[in-house]
Each structure stands twice: as structure tokens, then as C-alpha cells.
Amino acid sequence: MTGPISRRQAIGLGLLGVGSLGLGIAGVTSAGFRSGVSATNVPGGAAAASWAEPAVLASSDGVLTCELAVAERPVDVGGGSARMLTYNGTVPGPTLHLRPGDTLRVRLVNGLETPTNLHTHGLVVSADGNGDNPFVSIGPGESFDYEISLPDDHPHGVFWYHPHLHGFVADQVFGGLYGAIVVDEEDWSEGAPRVVVVSDVTLSRGAVAAVSDAERRQGRVGEMVITNGLASPPLPVPPGLTGRLLLVNACTSRYLDLGGLAMTVRGLDSGAFVPPRVVDRLVLAPGSRADVLLEGPAHPTPLVARAYERGGVGMGMMGAVAQESDATILTLVPDAAIAPSAVVPPQRPPHDLRDAGIDRARTLTFTMSMGGGMRFLIDGVAFDPGRVDHTVDVGSVEEWTLVNVTMMDHPFHLHTWPMQLVDGEGVDTRDVVDVPAGESVTVRIAFDRFPGRTVYHCHVLDHEDLGMMGVVQSR
Ligand SMILES: [Cu+2]
């Protein structure tokens, strides 16, 4: 029951051509973008005056030890000032730069008035104990020491971190709690990729606006799209040379339907595309990331996220919700003074499960129920942390068919284990798989390690908070 694999699943609506450009192979030289670029004026009103990125915390000798202090703080955001939820006082939080085989030790200090925790989205790591454990709850004023060990064969790529405590996730992520994680084996001192964390937020009276129940059901979208906390910032690039962006869709519910220029996509989530794919449209569901090469244009050129149709609860009975509109994520601005440097690391192709023996097939069905307030369900039930919904054997390969019988798209995220699209083009491995309204998608999953208990859920985070999450136990 694979159904018509969604047109939208493919990154390549408007594919310019899927060919080997000789890109993404070790040794390709690209123009990096130096950090600390100078201010650039961009016509168009409220656009930010200059590019900025989060601070980088990098591992050394196999370990990154750091503290993430969670607190509401005043920050400059989208050209104004507002109180937001922050990691170490900034939105986004610091970028964590790790290598395969590293250990990440994070002391999370909760300065909020609500409980929270930490999820390292997309990392192929254990969910046990003080690992990437979504069942941990850290109360107000408490702290917790995470220790997350990346295996030596961990995929290269861009990942991210955010809170994952059921019932609080959407509010806390919308409030500003997100940051990038990059896993590679590069020394960034000679030139780094541009880390581009995109989110959206609505501000009201100097703080993050509350949302209505109708907005939660729809999956809230913010009025303002922010890139590294900035509104439509300029990104200086050397004309004619290639630069590399690591894009993170940290929006609570918004899909980023990116276009406006040609993009060479080296991979989505933890899955590398070998060879890279050249597209002029790239849809990133909430939670998804992309590793993208762009050619520096001769003239200022915007990267635009177009309003995206992802369905609704229907019948106009649920109250007004904010309508999405097009947004400029950033504007590439030619700047010949930006020095080129080699920043494109070799790719690590994901395991190919197309010829794997399937130990077990399962179907997971997404529904909504109207009784007692709208609930978002998987297999007819709402999330219960005390219940195991699926038990899998470590060492097995399974095929999961994700069936969406609702009128809204649901981006499905499985923790710890990547998913390979059965009908994907070549090897297409992701950790967020969009399941459009009324469609189904089949994936293969190698539960090759990490006994323990973790979750899968809709990454429209309001839907997750409203119940659309389940528990998988591996043993
Ligand atoms: Cu959903």
C-alpha cells in the first residue's frame, strides 16, 4: 500500500535535472563564506542590515562539554526586541559542531517556569538513560546532565536540538528554543558552511504571542519568518563561486517551500544524495534540514519560502487561523571580497535497504478524533508515555507504511533510526518523512542498534502535543 508517492515528497518538483555535477565528492573546492561579514544594505524595508550566525561550540579530542541554560531573555529578533525563550541567551541557541565518534555532554539548566528537556533531532544515538531520552522531565530550577555518544559511523550532516517534553514542545520551540548541530570532520577555522536556522514567530507587546486552540489544531504559524533570528538578512557571497548552506527548518508547523534560485542539494536530514541533485524547488517539512550548494549570483537574489498548502481540519468550523504568506528567507548579495575556501566535506552515503530482507511490516495510521476536543492520533490512540505501541528487534529491518487519512499533511519523525523512502529516487534517507493528506508513504528502517525506548510523532509540534505520538521499544 505505497499509494501514489507524494509529489511533494520529492524535493524535485521543478527538477532542473538530476545529474552528476561532480559535486559533493571529496576535494571539491567551494567558496566558503567567512564569518564576520560586514554590514550590507539591502533595499526592502525591514530586512536585517547584516548577516549573523549563532556562536559555535565545537568538540575537541572527542568530547564537547557544554551547558545550555534555558531562560526567557530579551533578544533582538526580526529587527525589534522581544522576550523569548533562549538557550544561553540567544535565538537560535549555539551551534554544536561534532564529529562522528564524539561524546556530547550537555548540562541542561532549566530557568523556565515550566518543565523541559532536550532532544538531539536526527542524531543516530541511543535514547536510553541520560542519552537522547524524550521521557526525561527537567523541572523549573532543575538541571540534568545528558551524555550522548555518536557512533564512529555517524552520518555527516546538519541536525538540531530542541525541547521534547510532551505537552510543552510547540510552545517552547515557538518561543525560541532551537539550535543547530553539525556533524562532520572539518576544521571550520579555514572557512565554514553557513548555518541557516529558519523559524517563525509571532510577537505581541514585546513577547511571544499566545496562540488559540484553533491555531494549535491547525499547527501554528508565526507571522514573522526569522533566519538566525533576523528578518530577511543579506548573505554576502562571492559572485560565480559556490557556497554551502546548512538549512534547518525549526518552525513549529510551517513547511518551507523554497525557491527562487537553483540549488544543488547534497542531502536531506542525515541522508546524503550521491550524486547531489539540482533543483529549483525544495520543500522542507518542519524538522527537516538540507545541505545545499548555491552559486553566488551577479545581482542580489532572494531565497523565498512560498506559502504552502498543507490542508486543514476542514469545514471552516474551527475558527480563524493565521494565513501563511510568502517570506524571504535571505537574500544572496554578491560580494567579491568574500574569500573562497574549501568547505565541502565528502559525503557519507546512507545504508541502502532496497535489497534488504524485511523482517516485519507494519502500518501506522494517522487520524483525528472529535470527541472531547480535537485529538490527533496514531492507530486510534493518543500518546501515552506508559504504553509501548510497537516493539522491534534490534538487528531487524522493518517496512512501515504511514497512512494519513486526515485532511492535513503530517510530517512523520522517528527518533534514533533513519528511514529510507521505498519509492525514493535512488537512496533517499530521512528522519522526517512528509505524509500528505489522504496519502500514504512506505519507509524501511534498520533497527540495527540501540536497545531502548523512544518515540515517533508528527513534527507539526502542536499535533504532537495534542497526542500524535507513539512509543517504540527496541530489544
Ligand atoms: Cu500533524
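Quick word on the overall build of the chain
Step number 1: What the chain contains, in helices and strands, is 3 helices and 32 strands.
Step number 2: Within the chain, counting contacts between residues at least 6 apart in sequence, those at least 24 apart form 78% of the total.
Step number 3: Split by element, the accessible area of the chain, about 16900 Å² in all, is 51% carbon and sulfur.

Examining the coordination of the copper ion
Step number 1: Protein coordination of the copper ion is provided by His410 (ND1), Cys458 (SG) and His463 (ND1), with donor distances spanning 2.0 to 2.1 Å.
Step number 2: Considered as a linear motif, the donors of the copper ion on their single chain read H-x47-C-x4-H. In this pair, His410 is assigned in strand 26 (residues 410-414) and Cys458 in strand 31 (residues 452-458), connecting sequence segments 48 residues apart. Exposure class is identical for His410 and Cys458. Each is buried.

Quick word on the pairing of strand 23 (residues 375-378)
In regular strands, side chains alternate between the two faces of the sheet.
Step number 1: With 4 bridges joining them, strand 22 (residues 360-369) and strand 23 adopt antiparallel strand pairing. Across the sheet, residue Met368 finds its bridge partner in strand 23, namely Phe376.
Step number 2: From the end of strand 22 to the start of strand 23, which pair antiparallel, there are 5 residues, and Gly372 there has a positive phi angle of about 60 degrees.

Concerning empty space enclosed by the protein
Step number 1: According to the stated counting rule, one finds 4 cavities of 30 Å³ or more in the structure shown.
Step number 2: Roughly 150 Å³ of internal volume is contained in the largest cavity.
Step number 3: If you go around the largest cavity, you meet 16 residues; those closest to its centre are His156, Gly157, Arg266, Ala272 and Asp291.
Step number 4: Every element with two or more residues in the lining of the largest cavity is listed here: strand 9 (157-162), strand 17 (256-268) and strand 18 (271-284).

Side note on the side chain of His162
Step number 1: Along the chain, His162 falls in strand 9.
Step number 2: Those residues in contact with His162 that sit more than four places away from it in its chain are Tyr87, Asn117, Leu118, His119, His121, Val169, Val173, Leu177 and His459.

Regarding the pattern of salt bridges
Side-chain pairs of opposite charge can arise where the charged atoms are in close proximity.
Step number 1: Within this structure, the stated rule accounts for 24 salt bridges.
Step number 2: Note that Arg83 is salt-bridged to Glu72, the shortest N-O span being 4.0 Å. Pair noted here: Arg83 is in strand 4 (residues 80-87) and Glu72 is in strand 3 (residues 63-77), with a separation of 11 residues, a long-range link.
Step number 3: Of the charged contacts in the structure, one is a salt bridge between Arg266 and Asp291, with a shortest N-O distance of 2.8 Å.

Here's the deal with the sheet that holds strand 22
The strands that make up a sheet are held in pairs by hydrogen bonds between backbone atoms, and each pair lies either parallel or antiparallel.
Step number 1: Read from one edge of the open sheet, 6 strands run 23-22-25-30-27-28, paired in mixed fashion. Lying at the two open borders of the sheet, with one neighbouring strand each, are strand 23 and strand 28 (429-430).
Step number 2: Bridge count between strand 22 and strand 25 (residues 396-404): 7 bridges; the pairing is parallel. Paired with Thr365 across the bridge in strand 25 is Val403.

Some details on the sheet that holds strand 31
Step number 1: Across the sheet, 5 strands lie side by side as 24-32-31-26-29; this open sheet has mixed pairing. The sheet terminates laterally at strand 24 (390-392) and strand 29 (432-435), the two strands that pair on one side only. Adjacent strand axes in the sheet meet at a mean angle of 25 degrees when their direction is disregarded.
Step number 2: In this sheet, strand 29 lies alongside strand 26 in antiparallel orientation, the contact comprising 4 bridges. Across the sheet, the residue bridging to Pro411 is Asp434, located in strand 29.

Some points on the confidence of the model for the chain
Step number 1: For the chain, the mean per-residue pLDDT works out to 88, and 87% of the residues sit at or above 70.
Step number 2: Low pLDDT (under 50) marks residues 1-45, which in the prediction has 117 contacts with non-local residues, meaning those over four places away or in another chain.

Considerations on the environment of Asp409
Step number 1: For Asp409, the location among the structural elements is in the loop between strand 25 and strand 26.
Step number 2: For Asp409, a relative accessible area of 1% gives the class buried.
Step number 3: C-alpha of Asp409 to C-alpha of Arg310: the two residues are 99 residues apart in sequence and 5.2 Å apart in space.
Step number 4: A distance of 2.9 Å separates the side chain of Asp409 from the backbone nitrogen of Ala437, its partner in a polar contact.

Examining the packing of aromatic side chains
For any two aromatic rings, the description comes down to two numbers: the centre-to-centre distance and the angle of the planes.
Step number 1: One pass over the structure, following the stated rule, counts 8 aromatic pairs.
Step number 2: The interplanar angle of 85 degrees and the centroid separation of 5.8 Å between the aromatic rings of Trp400 and Tyr456 together place this pair among those described as edge-to-face. Of this pair, Trp400 sits in strand 25 while Tyr456 is found in strand 31, placing the two residues 56 residues apart along the sequence.
Step number 3: For Tyr456, a relative accessible area of 1% puts it in the buried group.
Step number 4: The interplanar angle of 35 degrees and the centroid separation of 5.8 Å between the aromatic rings of Phe412 and Tyr456 together place this pair among those described as tilted. Residue Phe412 is located in strand 26, and its partner Tyr456 is located in strand 31; the two are separated by 44 residues in the primary sequence.

Basis of the calculations
- Residues numbered from 1 in each chain as written.
- Predicted model: local features only at pLDDT ≥ 70, side-chain atom pairs only at ≥ 80, totals over all residues.
- Heavy atoms only, no water.
- Helix = DSSP H or I, 4+ residues; strand = E, 2+ residues; numbered from the N terminus.
- Contact = heavy atoms within 4.5 Å.
- Areas by Shrake-Rupley, 256 points an atom, 1.4 Å probe, with all protein chains shown as cover.
- Donors = N, O, S within 2.8 Å, 3.2 Å for Na, K, Ca; no water.
- Buried < 20%, exposed > 50% of the residue type's maximum accessible area, 1.4 Å probe, protein only.
- Pairing = 2+ DSSP bridges.
- 1 Å grid on protein atoms, 1.4 Å probe; cavity = no way out; pocket = protein on both sides within 12 Å on 5 of 7 lines; lining within 4 Å.
- Points joined across faces, edges and corners; volume = space filled by probe spheres on them.
- Salt bridge = Lys/Arg side-chain N within 4 Å of Asp/Glu carboxyl O.
- Axes fitted to C-alpha atoms, helices over the stretch in contact; angles between N-to-C directions.
- pLDDT = per-residue confidence, 0-100.
- Polar contact = N/O pair within 3.5 Å; in protein donor to acceptor, adjacent residues only side chain to side chain.
- Phe/Tyr/Trp six-rings, centres within 6.5 Å; stacked < 30°, edge-to-face > 60°.

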